[in-house]
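Survey of secondary and tertiary structure
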Amino acid sequence: MQTPSDTQLDDRASRMLTIFAKRRFESARANQRLRARMLLWSIRTKVVRSLKRALDISVASAAIVVAAPIMAATALAIRLDSPGPILFRQVRVGKDGEHFHCYKFRSMYIDAEQRKAELMANNEADGPVFKMKHDPRITRVGRLIRKLSIDELPQLFNVLKGEMSLVGPRPALPSEVARYTYEQIGRLHAIPGITGLQQVSGRSNLDFKRWVELDLQYISEQSVWKDIEILVKTIPAVIFSK
């Protein structure tokens with residue numbers, strides 16, 4: 001025969017079991033919602049990545065064809081202007097820290113890297129990057145092609161190889177990355193690009209902190225439409241040397 005205390009205990013146990021079952025049910029539904037969100041995020045990421053790659057290949061291929069006469073004339077001008085190779089190949093850091101060779105038209109004299117140490121005291125940029133407005137290492141042709149960003153046209157081949165994208169953070173030197181803070185390493189979470197949010201927001205006039213902020217903003221908001229918007233804004237930025 002059950003006593004009143006036994007009955008009270010059974011009621012309490014029953015309520016506890018009911019609460020426990022309800023929480024387990026709600027927890028299961030929460031897990032299902034989380035899995036669904038993760039699945040949608042994964043699908044969206046893959047779709048955006050595929051569309052971005054398709055945009056890169058199509059635009060880069062068309063740009064190479066259209067810019068072929070300009071690249072040929074630039075190559076000839078570099079050859080006549082100063083001794084050395086036409087193309088400059090340099091190791092840069094790509095997505096997730098992977099190294100690759102970045103191509104550019106040579107805009108400096110062949111001893112530029114050796115002379116850099118001598119000019120470090122004249123560095124006009126903050127952070128780990130080196131910038132100098134009147135850099136004596138730049139050739140006559142180099143000043144023109146840098147001003148119009150023609151020196152970066154060979155990077156279209158980096159885009160076709162998948163090492164770079166049309167839009168993304170600018171690829172950094174290994175020596176620069178070695179001096180990055182934890183926050184700045186976030187720039188390496190995306191494929192580097194020929195142009196980016198930083199290029200259409202002030203280019204070299206930005207300090208490195210703002211540069212990183214814009215790169216991280218792009219990475220968090222990146223989409224195909226964002227890339228198209230930046231590509232369109234890049235044209236006047238290059239023409240008017242903003």
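This part covers the layout of surface pockets. Each pocket or cavity is described by its volume, and for the second largest pocket that value is around 490 Å³. Every residue lining the second largest pocket is counted, 18 residues in all, and those nearest its centre are T45, V48, R49, K95 and Q222. Mapped onto the lining of the second largest pocket, the elements with two or more residues apiece are α1 (4–81) and α6 (208–221).

A word on the pattern of salt bridges. Enumeration over the complete set of coordinates arrives at 12 salt bridges. K161 is paired through a salt bridge with E163; the nearest N and O atoms lie 3.5 Å apart. Residue K161 is classed as partly exposed on the basis of its relative accessible area of 48%. Classification of E163 by relative accessible area gives partly exposed; the value is 23%.

Our focus in this paragraph is the nonpolar core. Grouped together as the largest cluster of nonpolar side chains are 25 residues, with contacts concentrated most on F105, L153, L156 and L166. Of all the elements in the fold, those that place two or more residues in this core are α1, β2 (99–105), α3 (140–147), α4 (155–160), β3 (165–167) and α6. The element that contributes the greatest number of residues to this core is α1, accounting for six residues. In this structure F105 touches M71, T74, A75, I78, I86, L87, F88, I145, I150, D151, L153 and P154, once residues within four positions along its chain are discounted. Counting nine residues, the second-largest nonpolar core is a separate cluster that includes V129, V177, Y180 and V212.

For the rest of this paragraph, the subject is empty space enclosed by the protein. One pass over the full model with this rule turns up one cavity of 30 Å³ or more. In this structure, the largest cavity spans a volume of roughly 40 Å³. Lining the largest cavity, in full, are V93, G94, P169, R170, P171, A172, R187, L188, A190 and P192. In terms of residue class, the lining of the largest cavity is built from seven nonpolar, one polar and two charged.

Time to look at the pairing of strand β1 (residues 87–93). Here β1 pairs with β2 via seven bridges, running antiparallel. Within β2, the position partnered with L87 by the bridge is F105.

This part is about unusual backbone geometry. Of note, D96 is a non-glycine position whose phi angle comes to about 60°, a positive value. Here D96 falls in the exposed class, since its relative accessible area comes to 57%. You will see that S149, though not glycine, has its phi angle at about 60°, which is positive. With respect to the helices and strands, S149 occurs in the loop between α3 and α4.

An α-helix turns once per 3.6 residues; consequently, residues spaced three or four apart project the same way. Among the residues of α3, V141, G142 and I145 are the ones counted as buried. The arc that holds every buried residue of α3, seen down its axis, measures 100°, which confines them to one face. Turned more than 90 degrees away from the buried face of α3 sit R140, L144 and K147, all of them exposed. Immediately beyond the C-terminal end of α3, within one or two residues, lies S149, with a positive phi of roughly 60°.

For β2, the buried fraction is high: five of the seven residues fall into the buried class. The turn linking β1 back onto β2 is made up of five residues, and D96 within it adopts a positive phi angle of 60°.

Basis of the calculations
Residues numbered from 1 in each chain as written. Predicted model: local features only at pLDDT ≥ 70, side-chain atom pairs only at ≥ 80, totals over all residues. Heavy atoms only, no water. 1 Å grid on protein atoms, 1.4 Å probe; cavity = no way out; pocket = protein on both sides within 12 Å on 5 of 7 lines; lining within 4 Å. Points joined across faces, edges and corners; volume = space filled by probe spheres on them. Helix = DSSP H or I, 4+ residues; strand = E, 2+ residues; numbered from the N terminus. Salt bridge = Lys/Arg side-chain N within 4 Å of Asp/Glu carboxyl O. Buried < 20%, exposed > 50% of the residue type's maximum accessible area, 1.4 Å probe, protein only. Core = buried A, V, L, I, M, F, W, Y, C linked by side-chain atoms within 4.5 Å. Contact = heavy atoms within 4.5 Å. Nonpolar A, V, L, I, M, F, W, Y, C, P; charged D, E, K, R; others polar. Pairing = 2+ DSSP bridges. Arc of directions from axis to C-beta.

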